[in-house]
Amino acid sequence: MDDIYSKSTDQILVVDRTFPLEGYGRGDYDRVMTYIFDFEFKTLAVVSNSEYQDSRSEKISVHPFPSVDSGLLQRMHDKLVSLGGHPLPLGTDDAAKPALHAPSTFRDTPKGQP
């Protein structure tokens, strides 16, 4: 099956990849993998589902760009540009967003301290 590429925003490319799975005791069905390349926040989100499952069974993983193959990132960056997007350039730390602090309820520091 063919991959479907779409521009979500100027900074976000979405790739839907569907492929068949056979058996597994439930008959034949398709697995759907959605790859969301966010060039503003420099993350790749991978969403996995299958046609016999509903959205409650989605699995999502988020990968920072430094952990993603640089060749793949360049190809997806070029694809977003070809679809009319205007993503931030790759490989420049100037465009990177700073990490967000966890809410204080999730930190081990005493109240009142950052």
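This text goes with the structure placed above it.
Residues numbered from 1 in each chain as written. Predicted model: local features only at pLDDT ≥ 70, side-chain atom pairs only at ≥ 80, totals over all residues. Heavy atoms only, no water.

So, the overall build of the protein chain
Part 1 of the argument: Regarding its fold elements, the protein chain presents 1 helix and 5 strands.
Part 2 of the argument: Along the protein chain, helices (α) and strands (β) appear in the sequence β-β-β-β-β-α when read from the amino end.
Part 3 of the argument: When burial is assessed residue by residue, the protein chain has 29% of its 114 residues classed as buried.
Part 4 of the argument: Relative to all contacts within the protein chain whose residues are 6 or more apart in sequence, the contacts with residues 24 or more apart total 33%.
Part 5 of the argument: Surface exposure of the protein chain reaches about 8100 Å², of which carbon and sulfur atoms provide 54%. (Helix = DSSP H or I, 4+ residues; strand = E, 2+ residues; numbered from the N terminus. Buried < 20%, exposed > 50% of the residue type's maximum accessible area, 1.4 Å probe, protein only. Contact = heavy atoms within 4.5 Å. Areas by Shrake-Rupley, 256 points an atom, 1.4 Å probe, with all protein chains shown as cover.)

Regarding the nonpolar core
Part 1 of the argument: Judged by nonpolar contacts, Leu-13, Val-15, Met-33, Phe-37, Phe-39, Leu-44, Val-46, Phe-65, Val-68, Leu-73, Met-76 and Leu-80 together constitute the single largest core of 12 residues.
Part 2 of the argument: For this core, the secondary structure elements donating two or more residues are strand E2 (12-21), strand E3 (29-38), strand E4 (43-50) and helix H1 (70-82).
Part 3 of the argument: The element best represented in this core is H1, accounting for 3 residues.
Part 4 of the argument: Here Leu-13 is in contact with Tyr-5, Ser-6, Tyr-35, Ile-36, Phe-37, Met-76, Lys-79, Leu-80 and Leu-83, once residues within four sequence places are set aside. (Core = buried A, V, L, I, M, F, W, Y, C linked by side-chain atoms within 4.5 Å.)

Focus: the packing of aromatic side chains
For any two aromatic rings, the description comes down to two numbers: the centre-to-centre distance and the angle of the planes.
Part 1 of the argument: What the rule picks out here adds up to 2 aromatic pairs.
Part 2 of the argument: Arranged with centres 6.5 Å apart and planes meeting at 15 degrees, the rings of Phe-37 and Phe-39 form a pair that is stacked. Each member of the pair, Phe-37 together with Phe-39, is buried.
Part 3 of the argument: On the numbers, 5.4 Å between centres and 65 degrees between planes, the contact of Phe-39 with Phe-65 is edge-to-face. In this pair, Phe-39 is assigned in the loop between E3 and E4 and Phe-65 in the loop between strand E5 (59-64) and H1, connecting sequence segments 26 residues apart.
Part 4 of the argument: Taking relative accessible area as the criterion, Phe-65 reaches 6% and is therefore assigned buried. (Phe/Tyr/Trp six-rings, centres within 6.5 Å; stacked < 30°, edge-to-face > 60°.)

Some points on the pattern of salt bridges
As a working rule, side chains carrying opposite charge can pair if their charged atoms are close by.
Part 1 of the argument: Within this structure, the stated rule accounts for 2 salt bridges.
Part 2 of the argument: Of the charged contacts, one joins Arg-17 and Asp-3 as a salt bridge, the two residues approaching to 2.7 Å between their closest N and O atoms. Of this pair, Arg-17 sits in strand E2 while Asp-3 sits in the segment before strand E1 (4-7), placing them 14 residues apart in sequence.
Part 3 of the argument: Of the residues examined, Asp-3 reaches a relative accessible area of 23% and is grouped as partly exposed.
Part 4 of the argument: Between Asp-10 and Lys-7 there is a salt bridge, with the nearest N and O atoms lying 3.6 Å from each other. (Salt bridge = Lys/Arg side-chain N within 4 Å of Asp/Glu carboxyl O.)

Some remarks on H1
Part 1 of the argument: Spanning 13 residues, H1 covers 18 Å between terminal C-alpha atoms, matching the ideal 18 Å at 1.5 Å per step.
Part 2 of the argument: Restricting attention to buried positions, one finds in H1 the residues Leu-73, Met-76, His-77 and Leu-80. End-on, the buried residues of H1 take up no more than an arc of 105 degrees, which puts them together on one face. Counted as exposed and oriented over 90 degrees from the buried face of H1: Arg-75 and Ser-82.
Part 3 of the argument: Where H1 begins, the capping side chain belongs to Asp-69, and its oxygen is found 3.2 Å from the backbone nitrogen of Gly-71. (Expected span 1.5 Å × (residues − 1). Arc of directions from axis to C-beta. Polar contact = N/O pair within 3.5 Å; in protein donor to acceptor, adjacent residues only side chain to side chain.)

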